[in-house]
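Topology and contacts: notes
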Amino acid sequence: MLPLAAACALTLTGCKDDGGDNTGDAGVENPGDAGTGDAGTGDAGVALPTPLIDKVLVVGHRGASALRPEHTLESYRKAVEDGADIIEPDLVATKDGVLVARHENEISGTTNVSVVAKFADRKTTKTIDGRPFTGWFTEDFTLAELKELRARERIPQERPGNTQYNDRFEIPTLAEVIALAKELSASTGRTIHLYPETKHPTYFQSVNLPLEDRLITELRANDFSATQATVYIQSFEVANLKYLHGKIGNSQPNWKLVQLMDARNTQPYDFVKAGDTRTYNDLMTEAGMKEVATYANGVGPYKLNIINVDGAGQFQEPTDLVRNAHAAKLLVFPYTFRPENAFLPAPLKTEGPGSTRHPAGSVTEIQTYLKAGIDGFFTDDPAVGRQAVDTFKR
Ligand code: G3P
Ligand code: CA
């Protein structure tokens, strides 16, 4: 079995395959059965599990990040144009306390900051979630300063078509993302939902820029809760979701909380800080899911925690994760489905020379997970996700 590190390269947050190959093993020790359900049967005549909701939801992960530089208004707009039901801003804070959309607070990989001379002296090294990072950090810039920067493609080798958009688009604020969601709801006639993620909540609390109350204030200020849209607030940490649960109470029936779950043998960073030895695997058990359900409405697991692949890229049997979550009435939204060969299991890659993408392979991959009864999923290419949902037959 390959070690976890071979399956996903860790970046600032979460189990990431931004620059690697997701074929491999996710540390699944005891692949279980596929759960129970009553709508359709699998190849062997076994009942397939079903989603908790009527319509499986397509989440535009960082927008349509396979086709535009991530976390830009243009990426979110493309996601909705391509059929996403939901757009996903990851959130970090500026020096003056404004929530902006970036996957990390260190922004050298997704902006032109490294070539802006006036900001050269802002380069520094910080420890984020226990790991050192050198670069430029959002919390050292005011919003006005961040607005001088422009977004760049994170993985140009896999997404060469995106580099034409380099240095054109701004870093958006959460307020701007909400305004866009409202605009697109009106223009498309579809309700566009929002899936914000609090990034590095323990860290931002430590630098006196906590994210949670800023998020609540912003959502209320923009009256997003008055629309029909749902807001799914996600976090890899536990304590800040519990805080949000207590703070929101029953006041916002269309706000949902989602516990993200990284690779099984890793831990929420707030657990690490608190000396709590539990891992994400502990949260995925039947008892763990019941505990999660006391403060959250859904879970967002790394996809290989649901269906692992072996060293040859062959799908294994689904684990009991979906069954455990659904038994606790928790929605399940795995991450992340990507159409590039670098991220697809070996049998689903295109072999053609020079080819970086194989959307049909991604459709097959997503539909494999749809059979496991997921309620929605994060995809970097919502057109591919839409196709997978719309052509899926149980
Ligand atoms: O939030 C779901 C998924 O986005 C988690 O991974 O690191 O891409 O935010 P990440
Ligand atoms: Ca995210």
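This text follows the structure it describes.
Reading the values: the criteria
- Residues numbered from 1 in each chain as written.
- Chains lettered and ligands numbered in written order.
- Predicted model: local features only at pLDDT ≥ 70, side-chain atom pairs only at ≥ 80, totals over all residues.
- Heavy atoms only, no water.
- Buried < 20%, exposed > 50% of the residue type's maximum accessible area, 1.4 Å probe, protein only.
- Helix = DSSP H or I, 4+ residues; strand = E, 2+ residues; numbered from the N terminus.
- Pairing = 2+ DSSP bridges.
- Right-handed = clockwise from strand over helix to strand, strands pointing away.
- Contact = heavy atoms within 4.5 Å.
- 1 Å grid on protein atoms, 1.4 Å probe; cavity = no way out; pocket = protein on both sides within 12 Å on 5 of 7 lines; lining within 4 Å.
- Points joined across faces, edges and corners; volume = space filled by probe spheres on them.
- Nonpolar A, V, L, I, M, F, W, Y, C, P; charged D, E, K, R; others polar.
- Donors = N, O, S within 2.8 Å, 3.2 Å for Na, K, Ca; no water.
- Tetrahedral: all angles 85-135°; square planar, octahedral: opposite > 155°, others 65-115°.

1. Details of the pairing of strand E11 (residues 231–235)
Across the 5 residues of E11, 5 count as buried, placing the element largely inside the fold. Of the two faces of E11, both are covered, the one formed by Val231, Ile233 and Ser235 as well as the one formed by Tyr232 and Gln234. When E11 meets strand E12 (residues 255–261), the two strands line up parallel, connected through 5 bridges. The partner of glutamine 234 across the bridge, within E12, is valine 258. Tracing the backbone out of E11, into helix H7 (residues 239–248) and back to the parallel element E12 gives a crossover that is right-handed.

2. Observations concerning the pairing of strand E8 (residues 131–135)
A regular strand places its side chains so that they alternate between the two faces of the sheet. Note that strand E7 (residues 124–128) and E8 share 5 bridges and pair antiparallel. Directly across from threonine 124, in E8, lies its bridge partner glycine 135. Hairpin connection from E7 to E8: 2 residues lie between these consecutive antiparallel strands, with aspartate 129 at a positive phi of about 50°.

3. Focus: the side chain of arginine 386
Looking at the secondary structure, you find arginine 386 in helix H13 (residues 382–390). Setting aside anything within four residues of it in sequence, one finds arginine 386 in contact with Val56, Val58, Asp82, Gly83 and Asp85.

4. With respect to empty space enclosed by the protein
Here the idea is plain: a probe the size of a water molecule rolls over the atoms and shows the empty space left. Per the stated rule, a full pass over the model turns up 2 cavities of 30 Å³ or more. As a volume, the second largest cavity reaches approximately 40 Å³. In terms of lining residues, the second largest cavity is bounded by 10 residues, among which Arg62, Glu70, Arg159, Arg338 and Asp380 are the most central. Per-class residue counts for the lining of the second largest cavity are 1 nonpolar, 2 polar and 7 charged.

5. So, the coordination of the calcium ion (ligand 2)
Four donors placed tetrahedrally about a metal ideally form angles of 109.5 degrees, and six donors placed octahedrally ideally form angles of 90 or 180 degrees. Surrounding the calcium ion (ligand 2) are the protein donor atoms Glu88 (OE), Asp90 (OD) and Glu197 (OE), which sit 2.1 to 2.3 Å from the metal. For the calcium ion (ligand 2), the 6 donor atoms in the first shell make angles of 57 to 157° at the metal, a pattern classed as irregular. Site description for the calcium ion (ligand 2): donor spacing in sequence, E-x1-D-x106-E. With glutamate 88 in strand E4 (residues 86–88) and glutamate 197 in strand E10 (residues 197–198), this pair connects stretches of sequence that are 109 residues apart. Each member of the pair, glutamate 88 as well as glutamate 197, is classed as buried.

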